[in-house]
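One letter stands for each residue in the lines below.
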Amino acid sequence: MKVAFLTIATNKYINMAKSLYESMCIYAFPDNKVEVDFLCLTNLPQEFDNINGRVKHKSIYLTHVPFPLISLLRYQYYSTIENILTKYDYVYHIDCDMLLKDNIGEDIFGDRVCVIHPGFPFEGIPVDRLPYDRNEKSKAYVPLNEGKHYYQNCFQGGLSHEFVNMCKLLRNDIEENLRENYIALWHDESYMNRYMVTNPPTRILPPTYAQPESWGLFGPTKILHVDKNHKEVRMTT
């Protein structure tokens, strides 16, 4: 079985991606029963030239664009490497500013896998309080009477064909909105949440798989979301 973890890391984010990779070498399927690859889309592929570990890594060149486009266009980027992604059984996007802190393995398997947003972690939160895009012109539009959970887009994936199909559909939705000079409320996360309203996840992970570093713990941390100075890193990202 083959599993791929994808991340996007341009400019200053590349150092975070290297730390993420090092954590994967320790905690990603440590029993070695699964072949794990780390694919980094970056404008600095040379940064990985002399880094080696248990997990194989591959750098794919990506031209830098400023935030929020670098995040918003992730589904476009991933659609362009469909021929690579379909060679894997499972594919997961993970933000480069995350670190694995405990073993992960079959607990992340599922057709469509998402993590509950730490800001909205509790069952029974009224759906009208969830931060879906409520603008009817948006391809990410979710009416007030729809939805159930709100997911953070820092970690998601599943079966490779499910992931690729989602990427292609969301790429088209995002491009259609961009032609109309519209970007959804929370960028790529809004489009992903719209998709999951229609195509619910088959496995929902708790916020411990997206634990913000400076927040109170939701339980034993599986994946840590590292604090950073957004203004500083985004000035050149």
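Let me sum up the structure you'll find in this document.

The rules behind these values
- Residues numbered from 1 in each chain as written.
- Predicted model: local features only at pLDDT ≥ 70, side-chain atom pairs only at ≥ 80, totals over all residues.
- Heavy atoms only, no water.
- Core = buried A, V, L, I, M, F, W, Y, C linked by side-chain atoms within 4.5 Å.
- Buried < 20%, exposed > 50% of the residue type's maximum accessible area, 1.4 Å probe, protein only.
- Helix = DSSP H or I, 4+ residues; strand = E, 2+ residues; numbered from the N terminus.
- Contact = heavy atoms within 4.5 Å.
- Salt bridge = Lys/Arg side-chain N within 4 Å of Asp/Glu carboxyl O.
- Axes fitted to C-alpha atoms, helices over the stretch in contact; angles between N-to-C directions.
- Parallel < 35°, antiparallel > 145°, perpendicular 65-115°, else oblique.
- Left-handed = near helix turned anticlockwise from the far one by under 90°.
- Nonpolar A, V, L, I, M, F, W, Y, C, P; charged D, E, K, R; others polar.
- Pairing = 2+ DSSP bridges.

## What about the nonpolar core?
Thought 1: Residues Phe-5, Phe-29, Phe-38, Tyr-92, Ile-94, Ile-108 and Phe-155 are the most contacted members of the largest nonpolar core, which totals 37 residues.
Thought 2: Secondary-structure elements contributing two or more residues to this core are β1 (2-8), α1 (14-27), β2 (35-42), β4 (90-94), β5 (98-100), β6 (112-116) and β7 (151-159).
Thought 3: Considering each element in turn, this core owes the most residues, six residues, to α1.
Thought 4: The residues touching Ile-108, leaving out its near neighbours within four places in the chain, are Phe-5, Phe-29, Tyr-92, Val-113, Phe-155, Arg-203, Leu-205 and Tyr-209.
Thought 5: Judged by nonpolar contacts, the second largest core, of 34 residues, contains Leu-6, Leu-39, Leu-85 and Ile-174.

## Remarks on the pattern of salt bridges
Thought 1: Under the defined criterion, the tally for this structure stands at eight salt bridges.
Thought 2: A salt bridge links Arg-74 to Asp-188; the nearest nitrogen and oxygen atoms lie 3.3 Å apart. Taken together, the residues Arg-74 in helix α3 (residues 74-79) and Asp-188 in helix α6 (residues 188-198) connect sequence positions 114 residues apart.
Thought 3: When its relative accessible area of 5% is taken as the criterion, Arg-74 is described as buried.
Thought 4: Note that Glu-176 is salt-bridged to Lys-139, the shortest N-O span being 3.9 Å. Of this pair, Glu-176 sits in helix α5 (residues 160-179) while Lys-139 sits in the loop between β6 and β7; the two residues are 37 residues apart in sequence, bridging distant segments of the chain.
Thought 5: Accessibility expressed as a relative area gives 32% for Glu-176, which makes it partly exposed.
Thought 6: Judged by its relative accessible area of 33%, Lys-139 falls in the partly exposed class.
Thought 7: A network of salt bridges, in which partner residues are shared, links Arg-74, Asp-95 and Asp-188.

## Some words on the packing of α5 against α6
Thought 1: At their nearest, the axes of α5 and α6 sit 10 Å apart, and the two run at 125° to each other. On the basis of the axis angle, α5 is oblique to α6. Of the two elements, α5 crosses α6, and the hand of that crossing is right-handed. Together, Glu-162, Met-166, Leu-169, Leu-170, Asp-173, Ile-174 and Asn-177 of α5 and Tyr-191, Met-192, Tyr-195 and Met-196 of α6 make up the contact between the two elements.
Thought 2: Along the lines of polarity and charge, the residues of the contact of α5 with α6 split into eight nonpolar, one polar and two charged.

## A few points about the sheet that holds strand β9 (residues 211-212)
Thought 1: Here three strands make up an open sheet; going across it, the order is β5-β10-β9 and the pairing mixed. The sheet is open, and its two borders are formed by β5 and β9, each paired with just one other strand.
Thought 2: Relative to strand β10 (residues 223-225), β5 is paired through three bridges, and the arrangement is antiparallel. Its bridge partner being in β10, Leu-99 is matched across the sheet by Leu-224.

## Some points on the environment of Asp-102
Thought 1: Relative to the assigned elements, Asp-102 resides in the loop between β5 and β6.
Thought 2: Judged by its relative accessible area of 32%, Asp-102 is partly exposed.
Thought 3: Between the C-alpha atoms of Asp-102 and Ala-28, which are 74 residues apart in sequence, the distance is 8.4 Å.

## Some remarks on the side chain of Asn-153
Thought 1: Looking at the secondary structure, you find Asn-153 in strand β7.
Thought 2: Given the relative accessible area of 2%, Asn-153 is considered buried.

## Notes on the sheet that holds β1
Thought 1: Taking strand neighbours across the sheet as the criterion, the seven strands line up as β3-β2-β1-β4-β7-β6-β8 in an open arrangement whose pairing is mixed. The sheet terminates laterally at β3 (56-61) and β8 (203-205), the two strands that pair on one side only. Between one strand axis and the next, the sheet turns through 20° on average, direction left out of account.
Thought 2: Where β6 and β7 come together, five bridges link them in antiparallel fashion. From the neighbouring strand, Val-113 faces β7, where its bridge partner is Gly-157.
Thought 3: Sheet strands in contact with α5 are β1, β4, β6 and β7, and its direction is about 130° off that of β7.

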